[in-house]
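Coordinate inspection notes
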Amino acid sequence: MRRPERRQTRVAPVNLFLPPQLPGLVQWVRGDLGITLNGADVSLWTDQGPSPVTYSMTTAARQPAYGYATTNNGRPALTFSGTAAVGDEGMLCGPLTVGHVFVVAKFTPATIPYDYCGLWVAPSGSDAKWNMLQCGTATLTTWYSTPAAGVTRWKDGVADNAGIGVQAQHIYEIQDTSPSSHDYGLLVGGGNTTNNPAWPGWVAEIIVYSAILSTANAAKVRRYLVDRYNITGVTL
């Protein structure tokens, strides 16, 4: 009797990379990890890195909502309304040394509801690099101000000063050739407390390293984020 042929099923490769596999990780928060809820809102976003630098917001009225974004590959995220008063609704973490940052986020309105909006900034204007990921102008085509010396902003794998981009999820990056400690901590989803309001959109993941990654290692992080959130148009 002739034995039936065995058919081989090809399985698509799985990306097993995780941010802690690279040296220098100082912060890693993700929408499905370390979430403490206050009803439907988030009061604590616990860092999964080696030395936890956790984001928190104790004021209930300023806490972001928690849920699943349909354009986010079904992944959970923190959603900030962006309609709060100046400096409201952001979640603040403690001091952090920043060399290379990756943020997965989406700006949801068609235009900026205020003069400027902050995605990931230092909360004090006394910090020379406080305006890291902050957008200005109603067209969303420019970042707010020129970055400090040695700092470059990236979007979807390309060095970019063309702003946040309209109504799409992106991988935003900051690279700093002279990493420094932000002694006042860092604010996600909120504007600088002196003159800028909150971020109107969602934030799904933040990864911070103490120094700029090599080209190969940066590509690993982008690939991980592209696969996880189904983000298109990214240069690896």
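A short tour of the structure in this document, coming up.

Describing the overall build of the chain
The number of helices and strands found in the chain is one helix and 16 strands. A total of 236 residues make up the chain; the buried ones form 51% of that total. Pairs at least 24 apart in sequence give 68% of the contacts found in the chain among residues at least 6 apart.

Points about unusual backbone geometry
In this structure, Asp156 takes a positive phi of about 55° despite not being glycine. Tracing the backbone shows Asp156 in the loop between β12 (151–155) and β13 (158–159). Judged by relative accessible area, Asp156 falls into the buried class, the value being 8%.

A word on the packing of aromatic side chains
Summed over all chains, the structure comprises three aromatic pairs. With a centroid separation of 6.1 Å and an interplanar angle of 40°, the aromatic rings of Trp45 and Tyr55 are classed as tilted. Linking Trp45 in strand β3 (residues 41–45) with Tyr55 in strand β4 (residues 55–56), this pair joins segments that are ten residues apart in sequence. Grouping residues by exposure puts Trp45 and Tyr55 together as buried. Between the aromatic rings of Phe102 and Tyr209, the centroid separation amounts to 6.5 Å while the plane-to-plane angle is 90°, which identifies the pairing as edge-to-face. Linking Phe102 in strand β8 (residues 96–107) with Tyr209 in strand β16 (residues 201–209), this pair joins segments that are 107 residues apart in sequence.

Quick word on the pairing of strand β1 (residues 25–30)
Burial analysis of β1 places six of its six residues in the buried class, which makes it a mostly covered element. In the sheet, β1 pairs with β16 via five bridges, with the strands oriented antiparallel. Among the inter-strand pairings, Arg30 is bridged to a residue of β16, identified as Glu205.

Topic: the nonpolar core
Val103, Trp120, Val203 and Ile206 are the most contacted members of the largest nonpolar core, which totals 30 residues. A total of six residues in this core trace back to one element, the largest contributor, which is β8. Setting aside chain neighbours within four positions, we find Val203 in contact with Trp45, Ala77, Leu78, Phe80, Val103, Val104, Ala105, Leu119 and Val188. In terms of nonpolar packing, the next biggest core, distinct from the first, is built from 21 residues, Val104, Tyr209, Val221 and Tyr229 among them.

What to know about helix α1 (residues 215–229)
Taking 1.5 Å of rise per residue, 15 residues should cover 21 Å, and α1 covers 21 Å from first to last C-alpha, within 8% of that figure. Every buried residue belonging to α1 is among Asn217, Ala218, Ala219, Val221, Arg222, Tyr224, Leu225, Val226, Arg228 and Tyr229, and all of these are buried. Just downstream of α1, Asn230 is the residue with a positive phi angle, here 55°.

Observations regarding the pattern of salt bridges
Under the criterion given, the structure shown has five salt bridges. Taken together, the shared-partner salt bridges connect Arg30, Asp32, Glu205 and Arg228 into one network.

Considering the environment of Arg75
Within the fold, Arg75 resides in the loop between β5 (65–68) and β6 (76–80). We classify Arg75 as partly exposed; its relative accessible area is 28%. Each C-alpha atom of the pair Arg75 and Gly31 lies 7.3 Å from the other, and the pair is 44 residues apart in sequence. Within the local environment of Arg75, its side chain forms a polar contact with the backbone oxygen of Arg228, the two atoms lying 3.1 Å apart.

Observations concerning the side chain of Gln169
For Gln169, the position within the fold is in strand β14 (residues 169–182). Within the structure, Gln169 has its side chain in polar contact with the backbone oxygen of Tyr229 (distance 3.1 Å).

Some points on the pairing of β16
Of all nine residues in β16, nine are buried; the element is thus mostly enclosed. As paired elements, β8 and β16 share eight bridges and run antiparallel to each other. Looking at β16, one finds that His100 is bridged to Tyr209.

Conventions and cut-offs
- Residues numbered from 1 in each chain as written.
- Predicted model: local features only at pLDDT ≥ 70, side-chain atom pairs only at ≥ 80, totals over all residues.
- Heavy atoms only, no water.
- Helix = DSSP H or I, 4+ residues; strand = E, 2+ residues; numbered from the N terminus.
- Buried < 20%, exposed > 50% of the residue type's maximum accessible area, 1.4 Å probe, protein only.
- Contact = heavy atoms within 4.5 Å.
- Phe/Tyr/Trp six-rings, centres within 6.5 Å; stacked < 30°, edge-to-face > 60°.
- Pairing = 2+ DSSP bridges.
- Core = buried A, V, L, I, M, F, W, Y, C linked by side-chain atoms within 4.5 Å.
- Expected span 1.5 Å × (residues − 1).
- Salt bridge = Lys/Arg side-chain N within 4 Å of Asp/Glu carboxyl O.
- Polar contact = N/O pair within 3.5 Å; in protein donor to acceptor, adjacent residues only side chain to side chain.

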